[in-house]
Amino acid sequence: MALTVLYFAWVREAIGTGEEVVTPPAEVTTVAALIGWLANRSDAHAQAFADRAKLRAAVDQGFVSLDASIVGAREVAIFPPVTGG
Amino acid sequence: MALTVLYFAWVREAIGTGEEVVTPPAEVTTVAALIGWLANRSDAHAQAFADRAKLRAAVDQGFVSLDASIVGAREVAIFPPVTGG
Amino acid sequence: MIRVAVQREPIDLAAEIAAAEGEGAGAVATFTGLVRADDGVGMLELEHYPGGTEAALTRVAEAAAARWSLLGATIVHRVGPMTPGERIVFVAAAAPHRGDALAACAYLIDRLKTDAPFWKRETRGGEAQWVDAKDSDDAAAAKWD
Amino acid sequence: MIRVAVQREPIDLAAEIAAAEGEGAGAVATFTGLVRADDGVGMLELEHYPGGTEAALTRVAEAAAARWSLLGATIVHRVGPMTPGERIVFVAAAAPHRGDALAACAYLIDRLKTDAPFWKRETRGGEAQWVDAKDSDDAAAAKWD
């Protein structure tokens, strides 16, 4: 099923786009698995995702840990730790 | 020695003035003793000072307890608990 | 960096905050107390101890500046008659970092309540009454000891 | 009673505070974060997650309203480029009593720092760099758990 993936801050810059629509295989059921699958799309993806400890994620606009499920999700965002305020 | 005594809020209203200059005898050395001595000046004073638990004081503009010394003081203020802010 | 004022004029919030921000701070915390409209009060009058009140407010602000890393501490308190919705008091703490600004702001208003000579008289339906001090204010002030 | 805004325009403090006071509150606590001028930063840019950021800020404000007796909770956050001295963020809590307003105000800014998707990029001497998250922010947010 089509999934919108959003990137922010240096993740966005490293990958070179802020948004892509992908169709991961059915066995990709968590954020971590999605990141592993996306890492194969290009060297830029692989480099952006090299250090998982620096990545945070949201599923359908809610912050989640990387082992959270993406089953049924429409939008996943991958980004560095937040620094607002 | 001449001492300025200031009254505020309902203490001022009960006594009928906000300020008087008095010369207490030398044995009046504390705020409590001063209040006791002032209570003899009029019925209004006696009534204003009837319940000591409702009185607070400052000596030379600093809050003190009623057993504080007034020796050498130039200004003593007597008033109800404060209610600012 | 310390600003203390006791005034009969309304408190100009925009001007006070601009002055507090002008210290070059990264963080400004403020507290504003207003006359509540919800308990039947038609008018509130504030009496103070001229000279003694300013001295007490300065001591409160100086104590905050000694305790936290501040760029500025402001206390503005209104006296005289005022009506529901009007500002009674404004305090602000400006600091490089937010923790200091937030803590100092809470300290300023908590200590002002017990350490500065002001007295409130409320008028309800034409009848004026001096406001009693609250034990909760003593407790709030004591937590900073 | 909840107002959340993410905007490129400068934050109009006087208007935001007037709106917060308009809730009929007896107590309004505010926090303003500004771009610090003291560490060589020439420009600061804020990126956000359109839709996701507003949703996160709304959750923070609703959590504050559920936890304290509030009349209003306001969060206004600026995005895009800004320069030292400009306001990045403004939060306000309006309540009948000061304890609720002060606590909710501190909560709003502490949780916003960790729970809302914003990213800062600083430019110093022509060189841009993404700002690292601070452990102290996680600690400040966690104290409300």
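Residues numbered from 1 in each chain as written. Chains lettered and ligands numbered in written order. Predicted model: local features only at pLDDT ≥ 70, side-chain atom pairs only at ≥ 80, totals over all residues. Heavy atoms only, no water.

Basically, it comes down to this: UniProt positions are given in the numbering used here, feature names are shortened, and annotations may be inferred rather than shown by experiment.
Within an unreviewed UniProt entry, the label attached to chain C reads Molybdopterin synthase catalytic subunit, and the organism entered is Sphingomonas jinjuensis. Note on chain C: under the UniProt heading Sequence similarities (unreviewed entry), the record states "Belongs to the MoaE family."

Chain A is annotated in an unreviewed UniProt entry as Molybdopterin synthase sulfur carrier subunit of Sphingomonas jinjuensis.

## Let's talk about the packing of helix H2 (residues 52-67) of chain C against helix H3 (residues 98-115) of chain C
Residues and elements named next belong to chain C. Operational definition: Angles shown run from 0 to 180 degrees and are taken between the N-to-C directions of axes, each axis being a line fitted to C-alpha atoms and, for helices, limited to the stretch in contact. Elements are defined by DSSP. Helices are runs of H or I of four residues or more, strands are runs of E of two residues or more, and each kind is numbered from the N terminus. Here is the rule for handedness: rotate from the far helix to the near one, and if that takes an anticlockwise turn smaller than a right angle the crossing is left-handed, while a clockwise turn gives right-handed. Contact definition: two residues touch when any of their heavy atoms are within 4.5 Å. Residues are grouped as follows: nonpolar covers Ala, Val, Leu, Ile, Met, Phe, Trp, Tyr, Cys and Pro; charged covers Asp, Glu, Lys and Arg; every other residue, Gly included, is treated as polar.
Between H2 and H3, the least distance of the axes is 10 Å, while the angle of their chain directions is 145°. For the pair H2 and H3, the crossing hand works out as right-handed. Contacts between H2 and H3 involve Ala-56, Leu-57, Val-60, Ala-61, Ala-63, Ala-64 and Arg-67 from the first element and Tyr-107, Leu-108, Arg-111, Leu-112 and Asp-115 from the second. A class-by-class count of the residues in the contact of H2 with H3 yields 9 nonpolar, no polar and 3 charged.

## A word on the sheet that holds strand E4 (residues 72-78) of chain D
Spelled out, the test is: For two strands to be treated as a pair, DSSP must find no fewer than two bridges joining them.
With respect to topology, 8 strands assemble into an open sheet ordered E1(C)-E4(C)-E6(C)-E2(C)-E2(D)-E6(D)-E4(D)-E1(D), the strand pairing being mixed. The sheet is open, and its two edges are formed by strand E1 (2-7) of chain C together with strand E1 (2-7) of chain D, each paired on a single side. Mean inter-strand twist for the sheet, computed between neighbouring axes without regard to direction, equals 5°. Relative to strand E6 (residues 87-95) of chain D, strand E2 (residues 27-34) of chain D runs antiparallel, the two being bridged by 8 bridges.

## Structural notes on the interface of chain C and chain D
Often, the extent of an interface is quoted as the loss of accessible area on bringing the components together. What counts, and what does not: Note: buried area is the sum, over both parts, of the accessible area (probe 1.4 Å) each one loses when the two are combined. Salt-bridge detection follows one rule: a side-chain nitrogen of Lys or Arg within 4 Å of a carboxyl oxygen of Asp or Glu. Here a polar contact is recorded for every N or O atom pair within 3.5 Å, except that within protein the pair must consist of a potential hydrogen donor and a potential acceptor, and residues adjacent in sequence are included only if both atoms are side-chain atoms.
With 27 residues of chain C at the contact, the number on the chain D side is 27 residues. Across the chain C to chain D interface the summed buried area is about 2,300 Å²; carbon plus sulfur atoms make up 53%. Summed over the shared surface of chain C and chain D, the result is 6 salt bridges. The shortest N-O distance in the salt bridge between C:Asp137 and D:Arg98 comes to 3.1 Å. Applying the counting criterion to the chain C and chain D interface returns 13 residue pairs in polar contact (both at pLDDT 80 or more). At the level of secondary structure, the elements contributing two or more residues to the side of chain C that touches chain D comprise helix H1 (13-21), strand E2 (27-34), H3 and helix H4 (135-142) of chain C. If you tally residues by element for the side of chain C that touches chain D, the top one is E2(C), at 8 residues.

## Observations concerning the nonpolar core
Defined as follows: Buried Ala, Val, Leu, Ile, Met, Phe, Trp, Tyr and Cys residues that are joined via side-chain atoms within 4.5 Å together make up what is termed a nonpolar core. Partly exposed residues are those whose accessible area sits between 20% and 50% of the maximum for their type, while under 20% is buried and over 50% is exposed, using a 1.4 Å probe and protein chains only.
Residues C:Val91 and D:Val91 are the most contacted members of the largest nonpolar core, which totals 71 residues. Looking at this core, the element that brings in the most residues is helix H3 (residues 98-115) of chain D, giving 10 residues. Those residues in contact with C:Val91, other than ones at most four positions away along the chain, are C:Ala29, C:Thr30, C:Phe31, C:Thr74, C:Ile75, C:Cys105, C:Leu108, C:Ile109 and C:Leu112. Residues C:Ala5, C:Ile17, C:Ala20 and D:Phe90 belong to the second largest nonpolar core, which totals 24 residues.

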